[in-house]
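Examination of the molecular architecture
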Amino acid sequence: ETVLVKCSRPGHASVNKTFQFERVYNDLESQDAVFADVAPLLTSLLDGYNVCIMAYGQTGSGKTYTMLGPQLEGNLALSIEEESELGIIPRATQEVFRLLSEKPPGSYWVEVSVVEVYNNEIFDLLAKDSYGKVFGIKRDVVTTREGKSDVPLLTHETVENASEFLHLVNKGLQLRVTHPTLVHAHSSRSHLVVTLTITTAVFGDNFGTLWEDELTSQRLNKEASCTFPQKMRDNKSTSSSRASSPVQLEATEKMKQVKTRLQLVDLAGSECVGMSGVTGAALRETSFINRSLSALADVLGAIAEQRAHVPYRNSKLTHLLQDSVGGDAKLLVMLCIAPGQKYVTESLQSLGFGTRARQVQRGQVKKKNFPVPSKAK
């Protein structure tokens, strides 16, 4: 679909610019319509692909509303009207758990982490102090020997349903940095990255023989869903302090884990300093925001042009998102545009970013099947 922008300045002739995108939403279309186009992408998680969904645009253009919907402020008892306003993050989580419910019990587990990238530093918004109170603690992002990005000591909380997930996200949101500007009274001054990690238990060819007895099946499900995640997350030995049956030990030895990651990103807004009127600390925040967004555009440009070097490490944001933006991951960008003529410069910049993202070509990808046991067994 086409976006037509009319650009005019005093004393100059008007110029029309056209941009092409996969879908353009008008101001009357609902959150339901937006998510209907997002939902099919989530099945790729179960096929073994990392997925990243991000909202990009200037301050006050609707990114947080698109990604989160109304701010719940810890109240999870939503009315029907509020549920219809839910954004991509809560809806995506509900859909992921719906898809996972079709999988055999105990064959997967789900973890969530919530971080913000503020002034080019990563803060863990689920970290707790010695009294159990949640507070943001600074972390760093590194590249592993396998060439993947990782945040050592990052808090990962296991969740079993969308309600638990929303509860943790709301906790993290209470710590997110905001600051009023002339453009937006509650402007987010950091990039919010919510990561949902699905670990799938993949068993060997002989796994089916372990499921012939129903009681054995129940024991294995309990072991996989309760014991495996904690042991594997802590990188501890698979041996247990309590006695394990030979069948359980055999299952542990034959089990491998495959991780896929869904990263849901509410980017801080790009902004013109003259328009936002920020000074002091807020001005410094704006500088970091704009530089990180520029680094993200450079990364997408390098991937689109198939350059040998992609500058992921130029920003903590791009380094953090490396596995969900590069490789064979799938990326969806939601551009949020303010329609006012006075914001035309910022709107053109956002549309240019979207055009660059749209030029990224992944090539042919192949589905990755996980050999997990069927429910019948």
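Scoring rules and cut-offs
Residues numbered from 1 in each chain as written. Predicted model: local features only at pLDDT ≥ 70, side-chain atom pairs only at ≥ 80, totals over all residues. Heavy atoms only, no water. Helix = DSSP H or I, 4+ residues; strand = E, 2+ residues; numbered from the N terminus. Buried < 20%, exposed > 50% of the residue type's maximum accessible area, 1.4 Å probe, protein only. Contact = heavy atoms within 4.5 Å. Areas by Shrake-Rupley, 256 points an atom, 1.4 Å probe, with all protein chains shown as cover. Core = buried A, V, L, I, M, F, W, Y, C linked by side-chain atoms within 4.5 Å. Axes fitted to C-alpha atoms, helices over the stretch in contact; angles between N-to-C directions. Parallel < 35°, antiparallel > 145°, perpendicular 65-115°, else oblique. Left-handed = near helix turned anticlockwise from the far one by under 90°. Nonpolar A, V, L, I, M, F, W, Y, C, P; charged D, E, K, R; others polar. Expected span 1.5 Å × (residues − 1). Polar contact = N/O pair within 3.5 Å; in protein donor to acceptor, adjacent residues only side chain to side chain. UniProt positions renumbered as here; feature names shortened; annotations may be inferred. Salt bridge = Lys/Arg side-chain N within 4 Å of Asp/Glu carboxyl O.

Remarks on the overall build of the protein
Helix and strand content of the protein: 13 helices and 14 strands. Looking at the protein as a whole, 47% of its 377 residues qualify as buried. Sequence separation of 24 or more characterises 68% of the internal contacts of the protein that already satisfy a separation of 6 or more. Summed over its atoms, the accessible surface of the protein is roughly 19,300 Å², and 51% of this surface lies on carbon and sulfur atoms.

Points about the nonpolar core
Of all hydrophobic cores here, the largest spans 38 residues; its most connected members are Leu42, Ile53, Val194, Leu262 and Leu264. Elements that contribute at least two residues to this core include exactly helix H1 (31-38), helix H2 (43-46), strand E3 (51-57), helix H5 (88-100), strand E4 (108-118), helix H6 (162-173), strand E12 (191-202) and strand E13 (256-266). Per element, the largest residue contribution to this core is 7 residues, and it comes from H5. Not counting chain neighbours up to four residues away, the residues in contact with leucine 262 comprise Leu42, Leu45, Val51, Ile53, Ala92, Val96, Val194, Thr195 and Leu196. Core analysis: the second largest hydrophobic core is formed by 30 residues, Met54, Val141, Ile303 and Ala357 among them.

A look at the packing of H5 against H6
Put simply, H5 and H6 touch, their axes get as near as 9 Å, and they point 150 degrees apart. The angle between the axes of H5 and H6 places the two elements in the roughly antiparallel class. Where H5 crosses over H6, the handedness of that crossing is right-handed. Packed against H5, whose contacting residues are Ile89, Pro90, Thr93, Gln94 and Phe97, the element H6 presents Ala162, Phe165 and Leu166 at the interface. The class makeup of the residues in the contact of H5 with H6 is 6 nonpolar, 2 polar and no charged.

Concerning H6
Look at H6: 16 Å from first C-alpha to last across 12 residues, which is about the 16 Å you get at 1.5 Å a residue. When we look at burial in H6, the residues that qualify are Ala162, Phe165, Leu166, Leu168, Val169, Asn170, Gly172 and Leu173. Capping the start of H6, asparagine 161 holds a side-chain oxygen 3.2 Å from the backbone nitrogen of serine 163, two or three residues further along.

Digging into the UniProt feature "binding site: ATP" (unreviewed entry) in the protein
Taking the UniProt record as the reference, the feature "binding site: ATP" (unreviewed entry) is found at Gly57, Gln58, Thr59, Gly60, Ser61, Gly62, Lys63 and Thr64. Take serine 61: it is sitting in the loop between E3 and helix H3 (63-67). Those residues within four positions of serine 61 in sequence are excluded, and the remaining contacts are Cys336, Ile337 and Ala338. Along the chain, the position of lysine 63 falls in helix H3.

Thoughts on the pattern of salt bridges
Close approach of charged atoms allows side chains with opposite charge to pair. Within this structure, the stated rule accounts for 13 salt bridges. Residue aspartate 298 is joined to arginine 356 by a salt bridge in which the shortest nitrogen-to-oxygen separation is 3.9 Å. Of this pair, aspartate 298 sits in helix H10 (residues 280-304) while arginine 356 sits in helix H13 (residues 344-358), placing them 58 residues apart in sequence. The exposure class of aspartate 298 is partly exposed, given its relative accessible area of 33%. Given the relative accessible area of 34%, arginine 356 is considered partly exposed. Each of Arg23, Glu29 and Asp37 takes part in a single network of salt bridges with overlapping partners.

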